[in-house]
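The lines below spell out each chain.
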Amino acid sequence: MKFKLLLLSLGILMSVPGMAIAAPSTPDTSNGVQREKAPCDCEENGHRNMMHKDWQAKMEERQKMLFSWVDQFTPEKKAEWTAVLAEKKTLRNQWMSPENAAKREQWKKEKMAKIVELKKQLDAGKISKEEFFKQAHGTKEMSHWKTFHELKMAVEKKDNKQAALLLNQLLEQSKQHNQKIKELLKK
């Protein structure tokens, strides 16, 4: 009996830290933007590979870097970049607002239903794995991340011509992204 009680106590003691880590924090939705109230402790807990909670600071840092590159390689497009990024921020805030929660949920349900259907086709052998990924993520092209990475590499190599070309390409991709968000908001 004492041994069972000891094991039970040990089990509870071992599980408490895990439950504390798994407990979700309450989001702060002031100003229509969702933020975590608690500061990120990713570095302290060794969760470097997990998604970083302070993504807004990371995006601000990337935007500053982007503007410095625009100033350096395509200064004539600075006003256009400023307008596109301001529109992106406004559209994102609209999309993430509580008024559009139903639209977000509907979009998510439709996307998940499509993925489930594609998974059935993949399991049945009707489509290949490559086709599955292409169709599942076709509307969510991550080409802007690839372009940003290529731009960063061009800047590091001091390839001014390639950097200017990639900045213009990234500007067009940002405009297309804004258009997709506008379409989602209209539905």
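Below: a short report on this structure.

Definitions and limits used
- Residues numbered from 1 in each chain as written.
- Predicted model: local features only at pLDDT ≥ 70, side-chain atom pairs only at ≥ 80, totals over all residues.
- Heavy atoms only, no water.
- Phe/Tyr/Trp six-rings, centres within 6.5 Å; stacked < 30°, edge-to-face > 60°.
- Helix = DSSP H or I, 4+ residues; strand = E, 2+ residues; numbered from the N terminus.
- Buried < 20%, exposed > 50% of the residue type's maximum accessible area, 1.4 Å probe, protein only.
- Expected span 1.5 Å × (residues − 1).
- Contact = heavy atoms within 4.5 Å.
- Polar contact = N/O pair within 3.5 Å; in protein donor to acceptor, adjacent residues only side chain to side chain.
- Core = buried A, V, L, I, M, F, W, Y, C linked by side-chain atoms within 4.5 Å.

A few words now on the packing of aromatic side chains. The final tally for this structure, using the stated rule, is 2 aromatic pairs. When the centroid spacing of 5.6 Å and the interplanar angle of 40 degrees are considered together, the rings of Trp69 and Phe148 count as tilted. Of this pair, Trp69 sits in helix H2 (residues 55-73) while Phe148 sits in helix H6 (residues 143-156), and the two are 79 residues apart along the sequence. By the burial criterion, Trp69 is buried, and Phe148 matches it. Ring centres 6.3 Å apart and planes at 85 degrees place the aromatic pair Trp95 and Trp107 in the edge-to-face group. On the criterion of sequence distance, the pair formed by Trp95 in helix H3 (residues 78-96) and Trp107 in helix H4 (residues 101-124) is long-range, its members being 12 residues apart. Trp107 sits in the partly exposed class, given a relative accessible area of 39%.

Compared with the 34 Å implied by 1.5 Å per residue over 24 residues, the 35 Å span of H4 between its first and last C-alpha is a close match. Buried residues of H4: Arg104, Lys111 and Leu118, and no others. Those residues of H4 that are buried lie in contact with H3 and helix H5 (129-137). Just downstream of H4 lies Gly125, where phi reads positive at about 85 degrees.

The subject of this paragraph is the side chain of Ser97. Structurally, Ser97 is set in the loop between H3 and H4. Classification of Ser97 as buried rests on a relative accessible area of 9%. A polar contact of 2.7 Å, which involves the side chain of Ser97, links it to the backbone oxygen of Gln94.

With that settled, the discussion passes to the nonpolar core. Leu66, Trp69, Phe73, Trp81, Leu151 and Leu167 are the most contacted members of the largest nonpolar core, which totals 18 residues. For this core, the elements supplying multiple residues, two or more each, are H2, H3, H6 and helix H7 (160-186). In terms of residues, this core owes the most to one element, H7, which gives 6 residues. What Leu167 contacts, discounting residues up to four positions off in sequence, is Leu66, Trp69, Val70, Phe73, Thr74, Trp81 and Leu151. Among the nonpolar cores identified, the runner-up in size contains 5 residues, and Trp95, Ile181, Leu184 and Leu185 belong to it.

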